[in-house]
Every structure is written in structure tokens, then in C-alpha cells.
Amino acid sequence: MSIADIPARELRQAARALRRTPSFTVVTLLTLALGIGAATAIFTLLDAVVLRPLPYPDADRLVTLSSPVPKLRGQTVWGIARHEMFYFLERGHTFRNIGIYQMSDATVLGGGTSDHPERVRAAQVSASLFDVLGFTPERGRLFVPDDNHNSTPTVAVLGHGYWQRRFGGAESVVGSVIDVDGQPLTVVGVLPAGADLPDLAVDLWTPAWVDSTTVWNNHTWSAIGRLKPGVTAAAAQRDLAPLTNRLPEVFPKVYGPRWIEVTGFRTAVQPLRDAVVGPLLTRALWTLFGAVALVLLVAGANVANLFLARLDARRRESALRAALGAARAHRVWHALAESMLLAAGAAVLAVVVAQVAVRVMVAVAPSELPRLAEVHVRGASIAFAAGLALLAGLTFGLLPLLSSRIDLGMLRDMGHGLTATKGRMMVRRLLVASQMALAVVLLAAAMLMVRTFRNLRAVHPGFDARGVLTLDIALPEQRYGGDGSGYAEAAARASSFYEQLAQRVRALPGVRDVGFVDRMPLVSGNLCTGITLEGPTPESAQSVCPPSTMVSPGYFEAMGIRVDGRTLEWSGMDGHDGAVVVSRAFAEHYWPGESPLGKGIRFNGTTPPFYRVVGVADDVRGLGVDAPPQEYVYFPMLPIPDAPLWHSPTYMHLVLRTGASNPMSLAGSVTRIAQELEPQVAVANVATMETLLARSMAKQSFTMVLLLIAALMATLLSAVGIYGVLSYLTAQRRGEIGVRLALGARPPQVAGMVLRQSLVLAMAGVAVGVLAAWGTTRALRALLFGVQPGDPVTMLAVPVGLVAVAALAAYIPARRAARIDPASALRE
């Protein structure tokens with residue numbers, strides 16, 4: 001037989017050998033498949049979210065522009081103003097183009113397959129944004145600069161998914177007219193599949209009002225720029241720095257001379273992928289990948305122990321092969337054949353495991369996780385799994401070559417000398433100790449995240465989420481919107497609708513309180529709103545920019561927010577009494593040591609009339625329970641005459657408190673009542689407040705669950721490793737134990753000897769693991785809340801727990817050793 005025929009023959013022999021030892025085959029396959037599959041699943045997530053370029057042409061040249069204002073309280077990063085886009089392009093030297101956009105929800109009425117109002121994700125964009133992102137239309141055309149010159153849009157472009165969902169992919173949609181927030185818009189184009197903004201999918205695109213001659217100090221627009229070839233984000237930021245400092249000089253009507261000094265305003269340029277993913281999420285995903293890599297190492301140590309045990313059991317077979325003249329090449333291929341077959345089978349199973357794990361992760365991942373739709377097991381994931389399997393197969397297959405000397409004398413000894421050498425047993429003990437060390441690291445990280453999640457759950461968000469239902473109410477802009485002279489009448493119509501809706505919903509069985517708010521805690525974020533605090537003289541009025549929101553009577557009661565003083569009342573709001581409520585943090589900041597009641601506040605104005613503070617509400621953690629409480633001003637949604645607010649309340653969140661065990665059961669009744677009062681109202685985003693609260697902690701809980709699964713897998717594999725080694729040692733020392741028992745040793749003494757071996761292995765690994773965990777858990781610092789890396793309680797509880805697990809794993813081998821029959825052992 002030629003050398004070329006050796007691999008095929010050895011593979012056939014390996015397959016027969018594996019069939020004869022099903023326990024070894026199945027355990028090895030499952031251990032490797034779980035380890036490689038878990039690593040592949042997290043690699044798939046990491047690759048899709050962090051490693052893979054964004055789906056745009058020359059995505060490495062895309063950057064975001066923002067405006068940090070570090071000297072202001074509250075929101076410290078703004079967007080850019082519309083006029084800055086033209087200013088930076090005209091006077092800068094690093095950008096090929098810049099596009100801006102704002103996100104909102106819009107109501108589409110009629111058209112397509114439904115006549116019911118539907119809330120969709122809409123983006124108001126500059127025509128230049130399509131060029132920046134490299135979009136081309138699938139049907140029709142995209143926006144041109146002239147489309148941005150109208151204060152009210154007249155055209156629209158449909159997202160591919162929305163075109164398919166509502167219009168059935170009909171080509172005739174181009175040129176048709178749809179009703180969007182009461183405005184007739186002509187559909188001029190459809191985008192291809194996958195053409196979305198980098199952080200979210202868009203159903204409807206409309207042209208923003210972008211005019212180079214209109215200059216407003218309104219830094220609320222998101223911006224994406226395309227750099228010129230060879231330019232870096234750092235170079236672009238240096239290019240824009242002097243231009244930003246000259247804003248008060250170039251636009252003196254909207255920027256005061258000390259405005260930049262007071263706010264710390266500057267322009268920041270960041271690679272788009274970094275802005276989308278963020279450093280916190282990147283660190284979390286790399287931490288998870290490191291965790292499953294440790295699990296893979298633990299699994300590998302277990303499989304290595306299995307192979308070493310198999311090698312010990314087959315030493316006579318290897319000697320017989322050598323005695324019969326087997327060449328070294330034959331022995332090499334025989335050593336590799338079994339491991340490569342097992343590795344190939346494990347790779348196939350690992351891909352299946354990864355497919356299932358990825359689907360579960362996508363289902364439970366936080367909805368704000370970027371690029372979630374791109375997380376699929378692709379070619380890169382399959383190649384990753386195959387590479388790990390190949391590495392494992394080569395490693396385990398070469399283990400026998402570490403002891404290549406064949407002792408032919410064992411063929412004469414007929415059973416003597418078949419036990420493992422001291423060196424090989426030392427390797428097996430080191431593998432088990434390393435498993436324990438890795439398990440300590442993973443369990444410490446998981447326990448820190450568990451304590452973080454528990455601490456987050458213990459934080460009072462400032463409201464009572466139990467029994468609260470929320471849903472969004474969007475009124476048609478044509479009837480209830482308005483600005484200028486029609487603003488007051490439109491706001492009054494909207495307020496009347498909400499008052500009637502509240503009365504009818506409150507009459508439903510089990511409903512206790514009903515209210516409305518335009519910016520929902522944990523959902524809407526906090527926008528800086530310029531307001532004026534009344535002073536003793538007009539000159540002493542103070543301009544500040546806290547988060548502000550519009551609320552209706554009943555909101556504080558429905559949310560369970562305690563208010564000192566009084567809350568809003570429908571009679572007072574309809575009578576334009578100008579009552580306003582502020583948060584405790586706001587009152588203590590701006591009126592320290594004084595009663596805020598009766599103080600004057602006004603939005604977007606410095607002259608009377610002022611709204612009057614009538615109550616102080618408990619602080620609410622609007623950005624999440626891991627963020628500090630926010631300073632809030634709660635304006636009534638119906639403004640007082642000559643003191644308008646920022647918009648007519650056409651879009652509000654309804655908040656309903658009920659004693660029913662399932663608040664969601666009321667959603668249908670609320671929707672029906674709203675549509676009876678206004679047939680064109682759109683109701684969306686129905687959820688309980690408890691769901692929204694849990695969603696705000698989803699990033700920590702997602703990381704915690706995955707780390708906990710990895711830690712439990714490592715602990716289980718470590719326990720199996722200890723059990724296997726001690727079982728093997730007990731079997732090897734059967735004769736010795738028989739002699740000990742024959743000479744008078746008591747069974748508990750024998751059991752204690754085996755347990756001590758377990759504890760020595762466990763404690764050696766645990767000691768190394770604690771040192772490793774002390775350093776590695778610092779990678780979790782940004783994700784932790786209320787607990788620090790290297791927490792003493794964690795570093796004590798984890799080792800104690802693992803030593804206990806090791807003792808349990810050693811119980812069966814110890815019990816088996818204590819029950820050995822001395823006579824039988826001596827005869828053997």
C-alpha cells in the first residue's frame with residue numbers, strides 16, 4: 001500500500017473504532033459542538049455588529065457630526081443646525097458632502113392595502129443624504145435640492161419594506177398620492193432593500209426644509225458626512241474647529257458673543273460605525289466573546305482529558321501496531337484520523353448549535369441593539385466554526401505524538417505497565433485545575449452582572465410601573481396641528497379630544513387614573529428646551545435649558561408620581577390658569593432654600609405672561625434607572641394665551657392605571673373609544689410600563705444572561721472534568737485501595753483520601769482563577785451598577801461555591817472507592 005492510500009484507510013479504521021466506543025464518541029462530539037457552537041454564535045453577533053463594515057459604499061469614509069455642550073446641565077450632546085451643513089461644506093476642506101436628517105413617527109391614511117391610519121417610522125432628510133449614503137432608487141427617483149426648498153413637503157420616497165408591506169410591491173405606487181399627517185404627498189420613488197439609516201429602518205422618507213439662507217440656533221439634526229479620499233475623522237474635526245469658533249462672528253444674529261464660552265459648544269466628528277455601535281456595546285460584545293472563548297477552552301480541556309484517557313487505554317494497541325511493522329506515517333495518520341473525524345462532526349453540529357443560539361439571541365436581545373437585522377450565520381461564521389474544529393482536531397490528534405516512544409515490552413507483561421505515566425497524570429490534573437480557574441473568571445463576571453441587575457431592579461425610577469398601560473395617540477395634523485395664528489385653536493381642539501378620551505376611558509371597569517404626556521420617561525429621551533425663569537426685574541430673568549414636557553391632568557396620578565403642592569386640573573387648564581409642575585431636582589437647583597410655588601416660568605420668551613409653579617414632583621429617572629434623576633418642567637398641554645409651547649399636542653402617550661391583573665386587556669377598549677371620538681386617530685406602541693422599565697435594563701440583562709449561561713457551562717464542564725479524573729484515578733488505584741482496606745483502613749478514610757484529591761485540584765485552580773478574575777472583570781466596569789470589579793463578596797462567594805461543586809463532583813468516585821471489595825481487588 002502506498003503512502004497516498006494511508007489517509008483513506010486510517011479514516012475508515014477510525015470510523016470503525018469510534019463506532020465501537022459510542023460513549024467516548026458522543027461525549028466528545030457534544031462537548032466540542034457546544035463549545036465551538038457557543039463561540040460561533042457570539043462571533044456571529046460580534047461580526048455583524050462590530051467587525052463588519054456598514055452596508056454603504058466606502059463606509060470607512062462616513063462620519064457623524066455632533067455638537068457637544070459640556071458646560072450645560074442635562075443633555076450635553078446636541079445635533080447640528082441646518083445652516084451648519086452649508087457652512088461647513090463651503091468653508092471646510094475635508095468633506096465631499098454632508099447630509100442631515102431627523103426621525104419622527106408619521107400617520108399614513110389610505111392607500112395601499114389598508115384604509116386605517118397607520119403610524120410609520122419617517123425620516124425628514126436633505127437630498128444630499130442619499131448621495132452621502134450612496135443610495136440609488138429601485139423605482140422612480142430620489143429627492144433633489146429643490147425638494148428641500150419648501151417649508152411643507154410635497155413628495156415622498158418609500159422604504160422597500162414598507163412598499164412591499166402596504167402597497168404589495170406595486171410599481172404603480174410611483175406617481176400616486178398618499179395622505180401623510182393630513183398632507184397629500186406624491187410618491188416619487190422607492191428605495192431598494194437594505195437602504196436604511198445606520199441606526200434604524202425607515203418606512204417613509206420626506207424632504208426636510210433645508211435652506212442655506214435660513215439660520216436658526218436649533219441644533220437638533222443628525223448629520224452624516226462623507227470624507228474626501230485619504231481624510232480621517234480626526235483631520236476633519238481639526239478642520240471644523242476654527243469654523244465652529246467663528247459661528248458668533250459669521251452668524252451674529254443667532255449666536256451671542258459669549259455663547260460658545262458659556263456652553264462649551266464644539267463640533268465633534270466620529271467614524272459612523274463607532275457612533276452606531278458605541279464603545280459600551282463594543283466592550284460588552286468583546287467581553288461576551290472572551291467569555292465563550294473561555295468556555296471553549298474549558299471544553300477543550302475536557303476533551304483533551306478524554307483523549308489522554310483513551311490513549312492510556314490503547315497503549316497496548318499502539319505497541320502491537322509497532323511490533324507488526326507499522327511505519328511512523330501510519331501511526332501519525334492513525335493518531336490524527338479519529339480526532340479529525342470527530343472535529344468534522346463537531347463542526348457540523350456546532351453550526352446547528354450556532355443557528356439556534358443566534359435566533360434565541362436575536363429574539364431576546366435589546367431592541368436598541370444596532371444592526372440586529374444583519375445578525376445571521378453566514379459564510380464567515382461557518383468558516384470560523386470550521387477553523388476552530390480544525391485547530392481542535394489537530395491539537396487532540398497530535399497529543400499521542402507527545403509520547404511517541406513505543407515500549408514493546410508491555411506485550412510480554414500482559415497487563416502490567418498499562419497505567420498512565422506520572423507525567424501524563426500531571427497533565428490531566430493541570431487541565432482540570434485550569435478548568436476551575438477559567439470557571440472562576442466566568443462565574444465572577446456573571447455574578448457581578450447578576451448583582452448589577454439586582455441593584456438596577458432595586459432603584460426606584462420615580463414612578464410606580466405596576467398596573468400601568470401606555471399607548472401612543474396620534475391625531476391628524478390637518479385638524480389638530482397648526483402654528484402661527486391657528487396654534488391656539490388647534491391646541492384647544494386637541495385638548496378637548498384628550499379630555500373626552502380620558503373621561504370615557506376612566507369609566508372602563510378597573511381604570512383608576514388616565515393622563516397624557518408628550519415625552520414618556522424611558523422612551524422619548526430628554527430634549528433640552530430653552531425656558532426663562534422670571535426675575536424681580538425683566539433684566540434679571542434667567543435663561544436655562546432643562547428637559548421639558550407637556551402633560552395633562554391625571555398624568556402624575558396615573559404614573560404614581562408623588563407631587564407636593566397640587567397637580568393639574570382640567571378646569572384649571574381649560575381656564576388657562578397657567579399651572580406648571582417642576583421636578584424636585586429642578587426646584588433645588590434653581591431656587592435653593594426657597595419655595596418654588598408661585599415662581600414664574602416661560603417657554604421661548606422673556607416677557608409676561610409666565611406659567612406659575614403649583615407643585616413639585618418627585619424626581620424621575622427618565623433616561624434609565626442607571627442614570628441620575630433629571631430636572632423636569634411639566635407644562636400643561638393647553639398653553640395660556642400669548643405664551644405658546646413648542647407644538648400643538650397632536651402626538652401624546654396615554655398613561656392608564658388599572659387594578660386589573662392584565663393591563664393589556666384594556667388596549668382594545670381604549671383603541672375603540674379613541675377611534676369613535678376621532679376616526680382618523682392612529683393608536684400604536686401598546687405596552688405596559690413594567691415592560692418599558694424592563695426594556696430600559698435590557699442591555700444589562702442581556703449581558704447577564706449570556707455570561708451566566710457561559711459560566712454555568714464552564715462550571716458543569718469543570719465538574720465533569722473533576723469527576724472524570726477522579727474516576728480514572730480511582731480505577732487505576734483499585735489494587736492499592738484494596739490493600740489499604742485489607743490492612744485496616746476504614747471506608748470513610750478512603751473516601752476522604754479521594755475527596756482531598758478533588759479539593760487540592762479545585763483549590764489550586766480557584767486560587768489562580770481569583771487572581772485572574774481580579775484583573776479581567778475590570779473590562780465590565782462600564783456595564784456595572786452599584787458594584788465594583790474585584791468586589792470582595794463576589795471574590796469570596798465564587799471560590800467557595802466552586803470548591804463545593806468540586807466536592808460534589810468527587811462524591812461518586814469517593815463513594816465508589818470506599819466500597820471496593822479488598823479480596824476482589826487483590827485477586828485482580
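Residues numbered from 1 in each chain as written. Predicted model: local features only at pLDDT ≥ 70, side-chain atom pairs only at ≥ 80, totals over all residues. Heavy atoms only, no water.

Asks: Is there a simple way to explain the overall build of the chain in this structure?
Replies: On a plain count of helices and strands, the chain comes out with 28 helices and 23 strands. Across the chain, the fraction of contacts at a sequence separation of at least 24, relative to all contacts at a separation of at least 6, is 80%. Of the accessible surface of the chain, which amounts to about 36100 Å², a share of 59% is contributed by carbon and sulfur atoms. (Helix = DSSP H or I, 4+ residues; strand = E, 2+ residues; numbered from the N terminus. Contact = heavy atoms within 4.5 Å. Areas by Shrake-Rupley, 256 points an atom, 1.4 Å probe, with all protein chains shown as cover.)

Asks: Can you walk me through the environment of Leu-280 in this structure?
Replies: Structurally, Leu-280 is set in helix H10 (residues 279-313). For Leu-280 and Ala-782, which are 502 residues apart along the polypeptide, the C-alpha to C-alpha distance reads 6.7 Å.

Asks: What's the story with the packing of aromatic side chains in this structure? I'm lost.
Replies: For any two aromatic rings, the description comes down to two numbers: the centre-to-centre distance and the angle of the planes. Within the structure shown, the criterion is met by 29 aromatic pairs. Aromatic side chains Tyr-498 and Phe-516 sit 4.8 Å apart centroid to centroid with 45° between the ring planes, which places their arrangement in the tilted category. A residue pair is termed long-range when its members are at least 10 positions apart, and Tyr-498 in helix H17 (residues 487-506) and Phe-516 in strand E13 (residues 511-517) qualify at 18 residues. A residue is classified by how much of its surface remains accessible, and Tyr-498, at 0% relative accessible area, is buried. The buried category is assigned to Phe-516, whose relative accessible area is 0%. These aromatic residues form a ring-pair network of at least three members: Trp-78, Tyr-87, Phe-88, Phe-251, Tyr-255, Trp-259 and Phe-265. (Phe/Tyr/Trp six-rings, centres within 6.5 Å; stacked < 30°, edge-to-face > 60°. Buried < 20%, exposed > 50% of the residue type's maximum accessible area, 1.4 Å probe, protein only.)

Asks: How do you make sense of the pairing of strand E18 (residues 579-583) when you look at a structure like this?
Replies: Here is the key point about a regular strand: its side chains alternate between the two faces of the sheet. For E18, the buried fraction is high: five of the five residues fall into the buried class. Residue alternation in E18 divides its side chains into two sets, Ala-579, Val-581 and Ser-583 and Val-580 and Val-582, and both sets are buried. Sheet topology places E18 next to strand E20 (residues 611-617); five bridges connect them, and they run parallel. Counterpart to Val-581 in the pairing with E20 is Gly-615. By the bridge criterion, two bridges tie E18 to strand E21 (residues 633-636) in an arrangement that is antiparallel. Residue Val-581 lies in a different strand from E21, and its bridge partner there is Tyr-634. (Pairing = 2+ DSSP bridges.)

Asks: Would you explain the pattern of salt bridges in this entry?
Replies: Side-chain pairs of opposite charge can arise whenever the charged atoms involved come near each other. Counting across every chain of the model gives 26 salt bridges. Ionic pairing is found between Asp-564 and Arg-562, a salt bridge with its closest N-O pair at 2.9 Å. Among the salt bridges present, the one from Asp-577 reaches Arg-566, with a minimum N-O distance of 3.4 Å. One end of the pair, Asp-577, is in the loop between helix H19 (570-574) and E18; the other, Arg-566, is in the loop between strand E17 (563-565) and H19, with 11 residues separating them in the sequence. Under the relative-accessibility criterion, Asp-577 is labelled partly exposed at 38%. (Salt bridge = Lys/Arg side-chain N within 4 Å of Asp/Glu carboxyl O.)

Asks: Even after reading the chapter, I still don't get the nonpolar core, so can you show me in this structure?
Replies: The nonpolar side chains of a soluble globular protein tend to be buried, and buried together. Counting 107 residues, the largest nonpolar core has Phe-463, Tyr-555, Phe-556, Tyr-634 and Met-689 as the members making the most contacts within it. Looking at which element gives the most residues to this core, the answer is helix H15 (residues 422-458), with 15 residues. Residues within four places of Tyr-634 in sequence aside, it is in contact with Thr-549, Val-551, Tyr-555, Phe-556, Val-580, Val-581, Val-582, Ser-583, Ala-617 and Val-620. Core analysis: the second largest hydrophobic core is formed by 50 residues, Tyr-480, Met-550, Leu-645 and Met-652 among them. (Core = buried A, V, L, I, M, F, W, Y, C linked by side-chain atoms within 4.5 Å.)

Asks: Just checking my understanding: could you explain the packing of helix H3 (residues 82-91) against helix H6 (residues 233-245) for this structure?
Replies: Two numbers describe a pair of packed helices, the interaxial angle and the distance between the axes. At a minimum axis distance of 11 Å, the contact between H3 and H6 shows a crossing angle of 120°. Looking at the two axes, H3 sits oblique to H6. As for how H3 packs across H6, the hand of that crossing is right-handed. Between H3, through Tyr-87, Phe-88 and Arg-91, and H6, the contact on the second element is made entirely by Leu-240, Leu-243 and Thr-244. (Axes fitted to C-alpha atoms, helices over the stretch in contact; angles between N-to-C directions. Parallel < 35°, antiparallel > 145°, perpendicular 65-115°, else oblique. Left-handed = near helix turned anticlockwise from the far one by under 90°.)

Asks: I tried to follow the confidence of the model for the chain on my own but got confused; where do I start?
Replies: The predicted coordinates ought not to be read in detail in places where the model reports low pLDDT. Here the chain shows a mean pLDDT of 84. Residues at 70 or above account for 88%. Counted against residues more than four places away or in other chains, residues 406-411, with its pLDDT under 50, gives 16 contacts. Across residues 413-420, confidence stays below pLDDT 50; counting only partners more than four residues off in sequence or on other chains, it has 13 contacts. (pLDDT = per-residue confidence, 0-100.)

Asks: What exactly am I supposed to notice about helix H21 (residues 667-677) here?
Replies: The periodicity of an α-helix, 3.6 residues per turn, causes residues three or four positions apart to be oriented the same way. Residues of H21 that are buried include every one of Ala-667, Val-670, Thr-671, Ile-673 and Ala-674, and no others. What you see down the axis of H21 is that its buried residues fit within an arc of 165°, all on one side. Of the surrounding elements, those touching the buried residues of H21 are strand E12 (468-474), H17, strand E22 (651-658) and strand E23 (682-688). (Arc of directions from axis to C-beta.)

Asks: I'm lost on unusual backbone geometry in this one. Help?
Replies: Residues other than glycine predominantly adopt negative phi, and peptide bonds predominantly adopt the trans conformation. Here the residue pair Pro-608 and Pro-609 is connected by a cis peptide bond, since its omega of 10° sits within 30 degrees of zero. In this structure, Pro-609 sits in the loop between strand E19 (600-603) and E20. Non-glycine residue Leu-522 carries a positive phi angle of around 75°. Phi at His-576 is positive, roughly 55°, even though this residue is not glycine.

Asks: What is the right way to look at the packing of helix H2 (residues 22-51) against helix H13 (residues 379-397) in this model?
Replies: Contact geometry for H2 and H13: axes closest at 9 Å, N-to-C directions at 145°. The interaxial crossing formed by H2 with H13 has right-handed handedness. Here H2 contributes Leu-32, Ile-36, Ala-39, Thr-40, Phe-43, Thr-44 and Asp-47 to the contact with H13, which in turn contributes Ala-380, Ser-381, Phe-384, Ala-385, Leu-388, Ala-389, Ala-392 and Phe-396. A class-by-class count of the residues in the contact of H2 with H13 yields 11 nonpolar, three polar and one charged. (Nonpolar A, V, L, I, M, F, W, Y, C, P; charged D, E, K, R; others polar.)

Asks: Which parts of the structure should I look at to understand a positive patch on the surface?
Replies: On the surface, Arg-12, Arg-16, Arg-19 and Arg-20 cluster together into a positively charged patch. Among the structural elements, Arg-12 can be located in helix H1 (residues 6-20). (Patch = residues over 30% accessible without salt bridge, like charges linked within 9 Å, V, L, I, M, F, W, Y side chains within 5 Å. Lys, Arg positive; Asp, Glu negative; His and termini not counted. Charge placed at Lys NZ, Arg CZ, Asp CG, Glu CD.)

Asks: When you look at the side chain of Asp-518 in this model, what are you seeing that I'm missing?
Replies: Note on placement: Asp-518 falls in the loop between E13 and strand E14 (531-533). Salt bridges are absent for the buried Asp-518, whose nearest opposite-charge side chain, Arg-519, sits at 4.1 Å. A polar atom in the side chain of Asp-518 sits 2.8 Å from the backbone nitrogen of Met-550. At 3.2 Å, the side chain of Asp-518 forms a polar contact with the side chain of Trp-646. Excluding its chain neighbours within four sequence positions, the residues that come into contact with Asp-518 are Ser-524, Thr-549, Met-550, Trp-646, His-647, Tyr-651, Met-652 and His-653. (Polar contact = N/O pair within 3.5 Å; in protein donor to acceptor, adjacent residues only side chain to side chain.)

Asks: Any chance you could explain a nonpolar patch on the surface here in plain terms?
Replies: The grouping of Val-352, Val-356, Val-360 and Val-364 at the surface amounts to a nonpolar patch, some 350 Å² of accessible area in total. Among the structural elements, Val-356 can be located in helix H12 (residues 328-364).

Asks: What exactly am I supposed to notice about the side chain of Arg-451 here?
Replies: Here Arg-451 is to be found in helix H15. In contact with Arg-451, other than residues within four places in its own chain, are Val-787, Asp-791, Val-793 and Thr-794.

Asks: Whenever I open this one, the environment of Ala-711 confuses me. Can you help?
Replies: Position of Ala-711 among the secondary structure elements: in helix H23 (residues 698-732). Here the alpha-carbon distance between Ala-711 and Ala-291, two residues 420 residues apart in the chain, equals 8.0 Å. Ala-711 has contacts with Leu-442, Leu-443 and Ala-446, leaving out every residue within four places of it along the chain.

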